[in-house]
Amino acid sequence: CRATNYHSLIKKGLLNGGYGDIPVITASFRKLNSIQQPGFRVNRLKLISLVLSSLLVADQLIRMHHATAVREKNSGDSLAVLKEHVARARKKVAGWTLKDSETILSDAIEDFNSIATDYDTYPKAGLVGEIYVKYNPFSNSNIVERLTNKGIEVVIPPLLAFFTQNFVNIDFNHRNNVRKTRFTERKIQDLLHSTVVSRIKQVNSLMGKFKQHLEPVSTPESLAGHARKVISLVNQAGEGWLLPGEIIAMAESGIHNIISLQPFGCIANHVVAKGISSKLSRLYPDLNFLNLDMDAGNSDVNLQNRLDFFIHSAKSNAHHITPS
């Protein structure tokens, strides 16, 4: 798993390059002795607040971009607006406030709404899977651009969900004696949790002004409720229960074309994504579900062929899924 190796591999690279005196610090929400450095102090609550607030904004910018790019009359307009507002947001990171989130989103909504678009209805395709290949264009062979160019509106779950799933995990583990947490720690988690849910509601209200319909951002509990239909919440490795939760949330919102991306060797995601396929097909018999292994050794022709079949099926299906 790459996530457990970043720190050690970066340090190894520095040592090999002759920079062994340079410390490597990882920004973590937890106190890990292995990454403590003399003189380095982080206000963890402030860091968590910044990360969650900025993710809420970034997720919405990306969602508006994907919904607009497939409809824009002048190619590149949507990407230009996205880059402009990402740059504005970056300048405010050091002193980020809740007001900044509202201002940036309000201005972005206005600019995206001003882009000339057509009014055709485009088939939607959900993109789920392992966090790196799902969000990084290099690692997924620019799959979003490929689908968009073929007239498919791509819907990617908010990155925020990957971090907020921990609120559900902590509660589940405590109640089921998997991992007990102290009273004070649970109180802090509850406070953060309620803050996140409150901000999600604020963002959903604000996003109602965007001219294209976007599904409201789901709370961690909502996604967990969906996931329980096919898997136990004890599955927390990798994307764990979050992946099926996102799939079902999409299916029940009317998105019946979904691609799940797995990198080579990511066992947790291979097991979960492929392991729930039969249950998904029983719940949603019309689901057009494609598992794609993003292995550097795979040929681009093979990837494009599988995508072409998926796109053909997506465009052929004009009806919504109804759970059986």
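A brief structural summary.

Time to look at the overall build of the protein. Along the backbone of the protein there are 13 helices and four strands. For the protein, whose C-alpha radius of gyration is 21 Å, the value lies close to the compact-globule estimate of 20 Å for 324 residues. When the backbone C-alpha atoms are referred to their principal axes, the protein occupies close to 60 × 45 × 45 Å. Every one of the 324 residues in the protein was classed for burial, and the buried ones make up 43%. Put simply, 71% of the contacts in the protein that link residues at least 6 apart link residues at least 24 apart.

In terms of burial, strand β3 (residues 257-263) is largely enclosed, as seven of its seven residues are buried. Taking every second residue as pointing to the same face, both faces of β3 are buried, with N257, I259, L261 and P263 on one and I258, S260 and Q262 on the other. Two strands pair when backbone bridges link them, and strand β1 (residues 124-129) and β3 are joined in this way by four bridges, in the parallel orientation. Its bridge partner lying in β3, G126 is registered against I258. Relative to strand β4 (residues 288-294), β3 is paired through seven bridges, and the arrangement is parallel. Along β4, the bridge assignment pairs N257 with N288.

Let us look at the layout of surface pockets. A volume near 1000 Å³ is recorded for the second largest pocket. Lining the second largest pocket are 38 residues, with I62, H65, H66, L79 and L82 positioned closest to its centre. Contributing elements (two or more residues each) for the lining of the second largest pocket: α2 (44-69), α3 (77-91), α5 (131-135) and α6 (143-149). The leading source of residues in the lining of the second largest pocket is α2, at 13 residues.

What follows covers the pattern of salt bridges. Applying the stated rule across the entire model yields nine salt bridges. In this structure, the salt-bridge partner of D171 is R186, at a minimum N-O distance of 3.5 Å. Pair noted here: D171 is in helix α7 (residues 160-175) and R186 is in helix α8 (residues 183-207), with a separation of 15 residues, a long-range link. Classification of D171 as partly exposed rests on a relative accessible area of 29%. Where K229 meets E252, a salt bridge forms, and the shortest distance between an N and an O atom there is 2.7 Å. Separated by 23 residues along the polypeptide, K229 in the loop between α9 (220-227) and α10 (242-252) and E252 in helix α10 bring together distant segments of the chain.

With that settled, consider a nonpolar patch on the surface. Taken together, the side chains of Y6, I10, Y132 and F138 define a hydrophobic patch exposed on the protein surface, amounting to about 470 Å² of accessible area. As for its placement among the helices and strands, Y6 is situated in helix α1 (residues 6-16).

On to α3, then. Residue pairs spaced three or four apart in an α-helix point in one direction, given the helix's 3.6 residues per turn. Taking 1.5 Å per residue as the helical rise, α3 with its 15 residues ought to reach 21 Å, and the 22 Å between its terminal C-alpha atoms agrees with that figure. Restricting attention to buried positions, one finds in α3 the residues S78, V81, L82, H85 and A89. The buried residues of α3 all sit within an arc of 100° when viewed along its axis, so they share a single face. Facing away from the buried side of α3 by more than 90 degrees, the exposed set consists of K83, R90 and K91. Elements in contact with the buried residues of α3: α2 and α4 (98-113).

Picture the strands of a sheet paired through backbone hydrogen bonds; they go either parallel or antiparallel. What the four strands build is an open sheet, ordered β2-β1-β3-β4; its pairing is parallel. The open sheet has two edge strands, β2 (153-155) and β4, and neither has a second partner. Between one strand axis and the next, the sheet turns by 25° as a mean value, whatever way the strands run. Contacts between α10 and the sheet are confined to β1, β2, β3 and β4, with β1 contributing the most and set at about 170° to the helix. Helix α13 (residues 300-316) contacts β1, β3 and β4 of the sheet and is inclined by roughly 165° relative to β4.

Scoring rules and cut-offs
Residues numbered from 1 in each chain as written. Predicted model: local features only at pLDDT ≥ 70, side-chain atom pairs only at ≥ 80, totals over all residues. Heavy atoms only, no water. Helix = DSSP H or I, 4+ residues; strand = E, 2+ residues; numbered from the N terminus. Rg over C-alpha atoms; globule rule 2.2 N^0.38 Å. Buried < 20%, exposed > 50% of the residue type's maximum accessible area, 1.4 Å probe, protein only. Contact = heavy atoms within 4.5 Å. Pairing = 2+ DSSP bridges. 1 Å grid on protein atoms, 1.4 Å probe; cavity = no way out; pocket = protein on both sides within 12 Å on 5 of 7 lines; lining within 4 Å. Points joined across faces, edges and corners; volume = space filled by probe spheres on them. Salt bridge = Lys/Arg side-chain N within 4 Å of Asp/Glu carboxyl O. Patch = residues over 30% accessible without salt bridge, like charges linked within 9 Å, V, L, I, M, F, W, Y side chains within 5 Å. Areas by Shrake-Rupley, 256 points an atom, 1.4 Å probe, with all protein chains shown as cover. Expected span 1.5 Å × (residues − 1). Arc of directions from axis to C-beta. Axes fitted to C-alpha atoms, helices over the stretch in contact; angles between N-to-C directions.

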